[in-house]
Number of protein chains: 2
Amino acid sequence: MALPPPLPASPDPPRPRRRIPEATVARLPVYLRSLLEVEAEGQTTVSSERLAEMAGVNAAKVRKDLSYLGSYGTRGVGYDVEYLLFQMNRELGLTHDWPVVIVGIGNLGQALANYGGFGDRGFPVAALVDADPQRVGQKVGDIAIQDVDSLPALVRDQGVAIGVIATPATAAQEVADRLVSAGISSILNFAPALVTVPAGVSLRKVDLAVELQILSFYQQRRT
Amino acid sequence: MALPPPLPASPDPPRPRRRIPEATVARLPVYLRSLLEVEAEGQTTVSSERLAEMAGVNAAKVRKDLSYLGSYGTRGVGYDVEYLLFQMNRELGLTHDWPVVIVGIGNLGQALANYGGFGDRGFPVAALVDADPQRVGQKVGDIAIQDVDSLPALVRDQGVAIGVIATPATAAQEVADRLVSAGISSILNFAPALVTVPAGVSLRKVDLAVELQILSFYQQRRT
């Protein structure tokens, strides 16, 4: 019985784009943060146990998650910190900036524009947009507020990649629709409203009131 | 064979404190928001199917979740909106205010203090605290920034129930420790750091960078 022919050796195989489970994707930024801490401590290798402890999951989960990146570590040694950081940044798309537009420049929009934590992490605030003619032309920091009709031009000319919705709840769906039709396919929604987007568009949601209500549930149970 | 004696009729039985699964607790604020929308539409009853659609889960999950509140609805009619709102608010501890202290009044702390969305939802910002002597005494809106040493007095005298950490990552654990030793057992952490708290203290985390990094993962996969 003939054996199958050996597979041809590939000196530089293309990196496969495996489907990574959503739950794993959500943990990657947590591992990234842990790795940056380990790096800051001057460590050059890190065990899955250490990463697990820092990320609040178990070590088997860490090894499984990192295997999706093609990272397996070395028994008794662990993972090479620098290489894992490189893989993580590449996988998360953090090797270049993703400019952000904030839509709705009320209290929350101004707060986010002034936050400073976006640009530091590779998400520079490139533009501010509002539907209120009274606000258009005013500045927050160095950035002048533009009319919401400018969205398609901002995407085209400034390479805006991510839309942040900071409007009241009632406007959120319309803003999401306008972002999508302007060509934006990544949206972070701070408005306390359920927003739907077409397939192929990513939507993440941050609702501060939800977090506080969960805290008050447990607080009440204790008192 | 004698039957067991009937249970005594209790005209006003104490409400049992069932253990509600964490995942259910996390969905209650989402149901609450949906119920408020239904109420705003003038509806007096709502089906589990409608709530499920609004909350993005399936109807069986809605019925199971609401059964933990002792709410079962009526076949063919659904749930009474007003009564379910009452139960939800009671269960979530939203029948009274929970004063909040924000610790760390840099960009993010000021942004949160100005946000306005806390007070509207039953979480008034009662105090602002910072470790920097330069900031102490300055005002944000109507509230003067106090020294972090005031925490125990704020809890005692102003009934502060929830601590919001808005410091840089490096200070987050120390602030959490100080909040806990001041008697606070509900903490919302905005600092991009892993913070640990003793058993019996609730900790929720909001990391804007994590949300953006998850978006950039999918954005990169698309491009």
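In this text the structure is predicted, and so the values were computed from the model without any measurement.

Colleague: Is there a simple way to explain the relation of the copies chain A and chain B in this structure?
Modeller: Turning one copy of the chain about an axis and sliding it along that axis gives the other copy, so a rotation and a shift relate them. Note on the identical chains: chain A maps onto chain B by a rotation of 180° and an axial translation of 0.0 Å, with an RMSD of 0.0 Å. When the rotation and shift are considered jointly, the pair of chain copies conforms to a two-fold rotation axis. Rotation axis and chain A: the residue whose C-alpha lies nearest the axis is Ala111 of chain A, separated from it by 2.2 Å. Comparing interface residues between copies, 100% of those in chain A also lie at the interface in chain B; the contact surface is shared.

Colleague: Would you take a moment to explain the sheet that holds strand β9 (residues 202-205) of chain B for this structure?
Modeller: By definition, the strands of a sheet pair up through backbone hydrogen bonds, in either a parallel or an antiparallel sense. Residue and element names in this part refer to chain B. Across the sheet, seven strands lie side by side as β5-β6-β4-β3-β7-β8-β9; this open sheet has mixed pairing. Looking at strand neighbours, the two that pair on one side only are β5 (139-140) and β9, the edges of this open sheet. Strand direction decides the pairing type here: strand β7 (residues 162-165) and strand β8 (residues 186-189), joined by three bridges, are parallel. Bridging from a neighbouring strand, Ile165 pairs with Asn189 of β8.

Colleague: Can you help me understand the interface of chain A and chain B in this one?
Modeller: How big an interface is tends to be reported as the loss of accessible area on association of its parts. Taken together, the contact pairs 63 residues of chain A with 63 residues of chain B. Taking both partners together, chain A and chain B bury about 6,000 Å²; carbon and sulfur atoms supply 59% of that area. Taken as a group, Leu212, Leu215 and Arg221 of chain A account for 11% of the area that chain A buries against chain B, more than any other trio of residues on that side. At the boundary of chain A and chain B, one finds four salt bridges. One salt bridge connects Glu211 of chain B with Arg204 of chain A, and the closest N-O pair in it is separated by 2.7 Å. Contributions of two or more residues to the side of chain A that touches chain B are made by α1 (22-40), α2 (48-55), α4 (81-91), α5 (107-115), β8 (186-189), β9 (202-205) and α9 (208-222) of chain A. The element contributing the most residues to the side of chain A that touches chain B is α9 of chain A, with 15 residues. Class assignment for the residues of the side of chain A that touches chain B results in 36 nonpolar, 12 polar and 15 charged.

Colleague: Explain the packing of aromatic side chains to me, please; I cannot follow it from the model alone.
Modeller: For any pair of aromatic rings, geometry is given as the distance between the ring centres together with the angle between the planes. Residues and elements named next belong to chain B. Applying the stated criterion across every chain yields a total of four aromatic pairs over all chains. Consider the rings of Phe217 and Tyr218, whose centres lie 5.0 Å apart with planes at 90°: the pair is edge-to-face. Exposure remark for Phe217: the relative accessible area of 1% places this residue in the buried category. Under the relative-accessibility criterion, Tyr218 is labelled partly exposed at 25%.

Colleague: It is not clear to me how the side chain of Ser48 of chain A should be interpreted in this structure. Could you clarify?
Modeller: All names here are of chain A. Checked against the element boundaries, Ser48 lands in helix α2. For Ser48, a relative accessible area of 7% translates into the label buried. Sequence-distant contacts of Ser48, that is, excluding residues within four places in its chain, are made with Ala59, Val62, Arg63 and Tyr79.

Colleague: Is there a simple way to think about helix α7 (residues 151-158) of chain A in this case?
Modeller: Note: α-helices contain 3.6 residues per turn, so residues at a spacing of three or four share the same orientation. All names here are of chain A. For α7, every residue scored as buried is listed here: Leu151, Leu154 and Val155. With its buried residues spanning 95° around the axis, α7 presents them on a single face. Across from the buried face of α7, at angles greater than 90 degrees, the exposed residues are Arg156 and Asp157. Elements that come into contact with the buried residues of α7 comprise β3 (100-103), β4 (125-130), β6 (143-147) and α8 (169-181). Positive phi appears at Gly159, one or two residues downstream of α7, with a value of about 60°.

Colleague: I tried to follow the packing of helix α2 (residues 48-55) of chain B against helix α3 (residues 59-67) of chain B on my own but got confused; where do I start?
Modeller: Geometrically, a packed helix pair is captured by the angle between its two axes and the distance between the axes. All names here are of chain B. The N-to-C vectors of α2 and α3 enclose an angle of 105°; their axes lie 8 Å apart at closest approach. As judged from the angle between their axes, α2 and α3 are roughly perpendicular. Contact with α2, carried on its side by Ser48, Glu49, Leu51 and Ala52, involves Ala59, Val62, Arg63 and Leu66 of α3 and no other residues of that element. Counted by class, the contact of α2 with α3 contains five nonpolar, one polar and two charged residues.

Colleague: For this particular structure, what's the right way to read the pattern of salt bridges?
Modeller: It is possible for side chains of opposite charge to pair when their charged atoms get near one another. For the structure on display, the rule yields 18 salt bridges over all chains. Note that Arg178 of chain A and Asp149 of chain A form a salt bridge whose closest N and O atoms lie 2.4 Å from each other. Pair noted here: Arg178 of chain A is in helix α8 and Asp149 of chain A is in the loop between β6 and α7, with a separation of 29 residues, a long-range link. Take Arg178 of chain A: its relative accessible area is 27%, and that puts it in the partly exposed class. The salt bridge partner of Arg63 of chain B is Glu49 of chain B, with a shortest N-O separation of 3.6 Å. Placement of the pair is Arg63 of chain B in helix α3 and Glu49 of chain B in helix α2, with a sequence separation of 14 residues. The exposure class assigned to Arg63 of chain B is partly exposed, which follows from its relative accessible area of 38%.

Colleague: Even after reading the chapter, I still don't get α8 of chain A, so can you show me in this structure?
Modeller: All names here are of chain A. Taken residue by residue, α8 has Ala172, Val175, Ala176 and Leu179 as its buried positions. In this fold, the buried residues of α8 make contact with β3, α7, β7 (162-165) and β8. One or two positions beyond α8, positive phi appears at Gly183, with a value near 105°.

Colleague: Got a minute to help me understand the pairing of β7 of chain B in this structure?
Modeller: The side chains of a regular strand alternate, residue by residue, between the two faces of the sheet. All names here are of chain B. Along β7, one buried face is formed by Ile162 and Val164 and the opposite face, lined by Gly163 and Ile165, is buried too. When strand β3 (residues 100-103) meets β7, the two strands line up parallel, connected through four bridges. Within the sheet, the bridge partner assigned to Val100 lies in β7 and is Ile162. Each parallel crossover has a hand, and the one from β7 via helix α8 (residues 169-181) to β8 is right-handed.

Colleague: I would appreciate a short explanation of the environment of Val210 of chain A in the present structure.
Modeller: Residues and elements named next belong to chain A. Positionally, Val210 belongs in helix α9. The class for Val210 is buried, based on a relative accessible area of 12%. Each C-alpha atom, one on Val210 and one on Pro192, is 8.8 Å from the other, the two residues being 18 residues apart in sequence.

Procedures and definitions
Residues numbered from 1 in each chain as written. Chains lettered and ligands numbered in written order. Predicted model: local features only at pLDDT ≥ 70, side-chain atom pairs only at ≥ 80, totals over all residues. Heavy atoms only, no water. Least-squares fit on C-alpha atoms with pLDDT ≥ 70 in both. Contact = heavy atoms within 4.5 Å. Pairing = 2+ DSSP bridges. Helix = DSSP H or I, 4+ residues; strand = E, 2+ residues; numbered from the N terminus. Buried area = accessible area lost by both parts, 1.4 Å probe. Salt bridge = Lys/Arg side-chain N within 4 Å of Asp/Glu carboxyl O. Nonpolar A, V, L, I, M, F, W, Y, C, P; charged D, E, K, R; others polar. Phe/Tyr/Trp six-rings, centres within 6.5 Å; stacked < 30°, edge-to-face > 60°. Buried < 20%, exposed > 50% of the residue type's maximum accessible area, 1.4 Å probe, protein only. Arc of directions from axis to C-beta. Axes fitted to C-alpha atoms, helices over the stretch in contact; angles between N-to-C directions. Parallel < 35°, antiparallel > 145°, perpendicular 65-115°, else oblique. Right-handed = clockwise from strand over helix to strand, strands pointing away.

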